[in-house]
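A structural walkthrough
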Amino acid sequence: MAPINVFARWRPLSQSERGRDEIDRGTHDRSGSFFSVALERRDSVGTRPWTSPAAFRAVFESEHDNYAVFNTVVAPHIPRILRGENCTFFAYGHSGSGKTHTIFGYDFEDSRQLGMCLGAAREIFDKLRYLNEEERGPAMGIGFSLFELRKKSAFDLLNNRTQCHIREGPDGKVHIRGETEILEGGKVRVCPIVQLVCWDFEEFRQQHIQALEQRATGSSSIHSQSSRTHAVLQLEIVSQALVDARHDLYDRQSELVPVGKRATDIRIEEDSKSAIRTPDGQWVPNPEYQRDQGRIDAVEAEMAQFEGRVTAAEQRVHAVFKASSFPCLGAKMVFVDLAGAEYYEGNDTRLSSRNRAPQELQEGRQINSDLLALKEVMRATSQGQKRVPFRSSTLTMVLREHFLNSGKGISTIIVTLSPAAEQFAATLNSLKYASLVGAAST
């Protein structure tokens, strides 16, 4: 398994925090490759300073903008995507520490303030433009999906926040499925989460901005516009041939559903008619009805025919990948803006659980449970453990594929930190979380 890269980023003091105490902090180069972070609380007598393990690839100070972070954290891995590898980036931290600013950004016009996902899309489009012009193969673009995770459900931000369901299929893969559509002829289609295909950066930027407007925020005790869900944005390099082949597969799957249901109904009907129940509760063959095996064989033959169509459609999808001269086709870059993790001290009345609404308490417990599960999955993955606890939370189940593919790519976590002294405990908690992951990967 590939190691997990861990970075730390200090945000500037907000306007309301200026003039107040800051956390005493320092960064130490321990090995030439990894850094540790030291903290000390100014306003507490007798508190011992804390120093992290050498777990961080880099530590960004408050003067570093998004462009500087992107160039260090994301840009070096664009060549991996072009080689067909996958990369996943997480932003972790308490509410108000700068996670959403880092992943998505708020200023979509200033090139130095673009979030990491927009910066990545811009650079990938530049590379694809060169490949499309020089190689003269099928044009490639970016298909992207954006959804939020809340408890055990997903909400598709590219489809008006439609609630989706998360299911593990018989193949062991986790699927996110939307509404079920009833089509003509009894066809049933379970809609996958929406993937929009864009062929240039400006189109992607506009779609990205519109989708972010669907994000759910709520007021917490820490931050008036706190993200109370995990947001997952996935970029995938696609071609029109791949998009068409996948749509054809969805159509063949929708045709199979009513045929499979009819086959099941006929088998149940024939089995129920061919058996009767005795007074003592036992089931015995019905002497007055002979099981119509021919009827069953006919409907099962029909089902096999439609299953063959699904298999052929799956093979056409695989054939698109095999025929492509571009190894980057199907490569994915995933960005995860994790929900804010608050750390509450019992002696801090501003942060005390007594001052929190019941809904916020429940949300906080769920978020902390998800983040704990993610940490354990990261540690198990980086250490190459045989058992990785993906089923511990919905978040880790959804990201299972990306972790399993980390041997052909990388995973990165950026812990965002507040320098405000009044948030010392929450900042320390975030650093401990990230340093445990980073130390396990060194």
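Residues numbered from 1 in each chain as written. Predicted model: local features only at pLDDT ≥ 70, side-chain atom pairs only at ≥ 80, totals over all residues. Heavy atoms only, no water.

Named according to an unreviewed UniProt entry, the protein is Kinesin motor domain-containing protein originating from Purpureocillium lilacinum. UniProt, in its Subcellular location (unreviewed entry) section for the protein, records the words "Cytoplasm". Recorded in UniProt for the protein, the comment headed Sequence similarities (unreviewed entry) runs: "Belongs to the TRAFAC class myosin-kinesin ATPase superfamily. Kinesin family." (UniProt positions renumbered as here; feature names shortened; annotations may be inferred.)

On to the overall build of the protein. Looking only at helices and strands, the protein has 11 helices and 19 strands in total. Expressed as a percentage of its 442 residues, the buried residues of the protein come to 50%. A separation threshold of at least 6 residues defines the contact pool for the protein, and within that pool the share at least 24 residues apart is 69%. Accessible surface computed for the protein: about 21,400 Å², of which carbon and sulfur atoms make up 48%. (Helix = DSSP H or I, 4+ residues; strand = E, 2+ residues; numbered from the N terminus. Buried < 20%, exposed > 50% of the residue type's maximum accessible area, 1.4 Å probe, protein only. Contact = heavy atoms within 4.5 Å. Areas by Shrake-Rupley, 256 points an atom, 1.4 Å probe, with all protein chains shown as cover.)

Another point: the pattern of salt bridges. Applying the stated criterion across every chain, the model contains 28 salt bridges. With its nearest N and O atoms 2.9 Å apart, the salt bridge here joins R391 to E168. Remark: E168 occurs in strand β9 (residues 162-168) and R391 occurs in the loop between α8 (358-382) and α9 (394-398); sequence separation between them is 223 residues. By relative accessible area, R391 is classed as exposed at 64%. By relative accessible area, which is 33% here, E168 ends up partly exposed. In this structure, R215 engages D337 in a salt bridge whose closest nitrogen and oxygen atoms are separated by 2.7 Å. (Salt bridge = Lys/Arg side-chain N within 4 Å of Asp/Glu carboxyl O.)

Once that is clear, we can look at the sheet that holds strand β2 (residues 24-29). Taking strand neighbours across the sheet as the criterion, the three strands line up as β2-β3-β4 in an open arrangement whose pairing is antiparallel. On the outer flanks of this sheet lie β2 and β4 (50-51), each paired with one strand and no other. Note: β2 against strand β3 (residues 35-40), six bridges, orientation antiparallel. The partner of T27 across the bridge, within β3, is V37. (Pairing = 2+ DSSP bridges.)

Contact pair helix α6 (residues 240-273) / helix α7 (residues 293-323): the axes reach a minimum separation of 8 Å and the direction vectors enclose 165°. Relative to α7, α6 is oriented roughly antiparallel. For the pair α6 and α7, the crossing hand works out as left-handed. Taken together, the residues that form the contact of α6 with α7 break down as 17 nonpolar, two polar and 15 charged. (Axes fitted to C-alpha atoms, helices over the stretch in contact; angles between N-to-C directions. Parallel < 35°, antiparallel > 145°, perpendicular 65-115°, else oblique. Left-handed = near helix turned anticlockwise from the far one by under 90°. Nonpolar A, V, L, I, M, F, W, Y, C, P; charged D, E, K, R; others polar.)

Another aspect to go through is the UniProt feature "coiled-coil region" (unreviewed entry) in the protein. As recorded in UniProt, the feature "coiled-coil region" (unreviewed entry) lies at residues 289-316. The span residues 289-316 carries 86% helix and 0% strand; its end-to-end C-alpha distance comes to 45 Å.

Structurally, S254 is set in helix α6. A relative accessible area of 3% places S254 in the buried class. If we skip the residues at most four places from it in the chain, S254 touches L183, K187, V188 and R189.

In this model, helix α5 (residues 201-212) (12 residues) spans 16 Å end to end at C-alpha, consistent with the 16 Å of a helix rising 1.5 Å per residue. Every buried residue belonging to α5 is among F201, F204, R205, H208, I209, A211 and L212, and all of these are buried. The buried residues of α5 occupy one face: seen down the axis, they fall within an arc of 165°. (Expected span 1.5 Å × (residues − 1). Arc of directions from axis to C-beta.)

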